[in-house]
Amino acid sequence: MAKVEIKKPVVEEISAAIKDAQSVVLVDYRGLTVEQDTKLRKELREAGVNYKVYKNTMMNFAFKGTDFESLAPYLEGPSAVAISTTDATAPARVLAKFAKTAEQLEIKAGVVEGTLYDADGMKSIASIPSREELLSKLLGSIQSPIANFARVMNQLAEKGGAGEAAPAAEAKAEEPAAEAAPVEEPKAEEPAAEAAPAEAEAPAEEPAAEAEAPAAE
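What comes next concerns the included structure. If you're wondering where the values come from, they're calculated on a predicted model, not measured in any experiment.

Cut-off values and rules
- Along each chain, the written sequence defines residue order, and numbers are assigned to residues from 1.
- Two thresholds apply to this predicted model, a pLDDT of at least 70 for residue-level local features and 80 or more for giving and counting side-chain atom pairs, whereas whole-chain, interface and lining totals are computed over all residues.
- To get the side-chain values, all heavy atoms of the structure are used, and hydrogens and water are removed first.
- Only DSSP runs of H or I covering at least 4 residues are called helices, and only runs of E covering at least 2 are called strands; the numbering of each starts at the N terminus.
- Residue exposure (1.4 Å probe, protein chains only): buried if accessible area is under 20% of the type maximum, exposed if over 50%, otherwise partly exposed.
- Between two residues, a contact is recorded if the distance between any of their heavy atoms is within 4.5 Å.
- Pairing between two strands is assigned when DSSP locates at least 2 bridges connecting them.
- Axis lines are fitted to C-alpha atoms, over the contacting stretch for helices. Their N-to-C directions set the angle, which ranges from 0 to 180 degrees.
- Cavities and pockets are defined on a 1 Å grid built over the protein atoms alone: a cavity is a set of grid points where a 1.4 Å probe fits but cannot escape, while a pocket is an open set with protein on both sides within 12 Å along at least five of seven lines, and lining residues are those with an atom within 4 Å of any such point.
- Grid points are joined across faces, edges and corners, and a volume is the space filled by probe spheres set on the points.
- Gly is placed with the polar residues, together with every amino acid not listed as nonpolar (Ala, Val, Leu, Ile, Met, Phe, Trp, Tyr, Cys and Pro) or charged (Asp, Glu, Lys and Arg).
- As used in this record, nonpolar core signifies buried Ala, Val, Leu, Ile, Met, Phe, Trp, Tyr and Cys residues forming a set joined through side-chain atoms within 4.5 Å.
- Put simply, angles under 35 degrees are roughly parallel, angles over 145 are roughly antiparallel, angles from 65 to 115 are roughly perpendicular, and the rest are oblique.
- Rotating anticlockwise by less than a right angle from the far helix to the near helix defines a left-handed crossing, while the corresponding clockwise rotation defines a right-handed one.

## Notes on the overall build of the chain
Assigned secondary structure in the chain consists of 6 helices and 5 strands. Ordering the α and β elements of the chain from the N terminus gives α-β-α-β-α-β-α-β-β-α-α. The 217 residues of the chain split such that 26% are buried. Across the chain, every contact between residues at least 6 apart in sequence was considered, and the portion connecting residues at least 24 apart equals 79%.

## So, the sheet that holds strand 4 (residues 106–112)
The antiparallel open sheet is built from 5 strands, whose spatial order is 2-3-1-4-5. Because the sheet does not close on itself, it has two edges, and the strands there are strand 2 (50–53) and strand 5 (115–118). Here the average twist between neighbouring strands, direction ignored, is 15°.

## A closer look at the layout of surface pockets
Considered as a void within the structure, the largest pocket measures approximately 170 Å³ in volume. Around the largest pocket, the lining residues are A96, A99, K100, L105, E106, I107, A119 and K123. When residues of the lining of the largest pocket are traced back to their parent elements, those giving at least two are helix 4 (90–99), strand 4 and helix 5 (119–126). Across the lining of the largest pocket, the residue classes break down as 5 nonpolar, no polar and 3 charged.

## Focus: the nonpolar core
By size, the foremost hydrophobic cluster in this structure holds 23 residues, and its most contacted members are V27, L40 and L95. Taken together, the elements giving at least two residues each to this core come down to strand 1 (23–28), helix 2 (34–46), strand 3 (80–84), helix 4, strand 4 and helix 5. Those residues in contact with L40 that sit more than four places away from it in its chain are L32, Y51, L95, F98 and L105. By size, the runner-up hydrophobic cluster in this structure holds 19 residues, among which are V11, A21, V24 and V81.

## With respect to the packing of helix 2 against helix 4
Contact geometry for helix 2 and helix 4: axes closest at 10 Å, N-to-C directions at 150°. In terms of orientation, helix 2 lies roughly antiparallel with respect to helix 4. Classified by chirality, the crossing of helix 4 by helix 2 is right-handed. Between helix 2 and helix 4, the contacting residues are Q36, K39, L40, E43 and L44 on the first element and V94, L95 and F98 on the second. Split by residue class, the contact of helix 2 with helix 4 holds 5 nonpolar, 1 polar and 2 charged.

## Notes on the pairing of strand 1
Across the 6 residues of strand 1, 6 count as buried, placing the element largely inside the fold. Taking every second residue as pointing to the same face, both faces of strand 1 are buried, with S23, V25 and V27 on one and V24, L26 and D28 on the other. Two elements, strand 1 and strand 4, share 6 bridges in a ladder whose sense is antiparallel. Across the sheet, residue D28 finds its bridge partner in strand 4, namely E106.

Here it is, written out as structure tokens:
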């Protein structure tokens with residue numbers, strides 16, 4: 001009875017940790033140095049992941065009747081569990097990244113949003129960007145068209161200002177030509193006025209010549 005009473009709080013602790021978990025990942029931590037283990041715990045904690053070493057029997061009891069019961073076959077050898085209630089891909093992502101510099105760390109399997117993944121499957125899960133990264137990319141893709149639109153509108157506004165300045169300059173250039181036109185018109189009319197009397201005198205001389213002809217006869 002004493003042993004059962006000792007085990008019960010541990011099982012309840014695990015059960016409480018996985019109650020609202022989005023993902024639970026089992027790892028074999030054998031071979032890690034104290035320094036590596038300390039660093040791993042720190043990185044997982046900063047990512048919002050609960051990481052702890054439990055006995056396999058305790059985890060087996062806690063997993064029964066839950067979405068994580070499928071992890072029972074992987075409860076062999078020393079095991080630590082990484083649990084996240086906020087980011088389903090965080091445990092796999094942090095563990096896989098850390099394993100690149102600490103080959104002793106081995107991801108056994110994991111359950112992510114109710115689906116069981118083996119070691120290879122967890123590597124694929126680890127490649128999925130975090131929620132913050134996805135939101136950042138989405139925001140960037142939304143802002144990009146807006147920025148491009150604003151840039152184009154600004155360029156159009158600048159071109160429009162230059163277009164308005166050009167007609168104004170042309171209007172100013174045409175004003176002197178318009179003033180010069182009235183000055184030339186009176187000069188063109190003066191010769192026409194002088195020529196009119198000359199044509200009127202010619203008919204007046206012809207009768208005089210006809211009057212002299214009878215006198216000669």
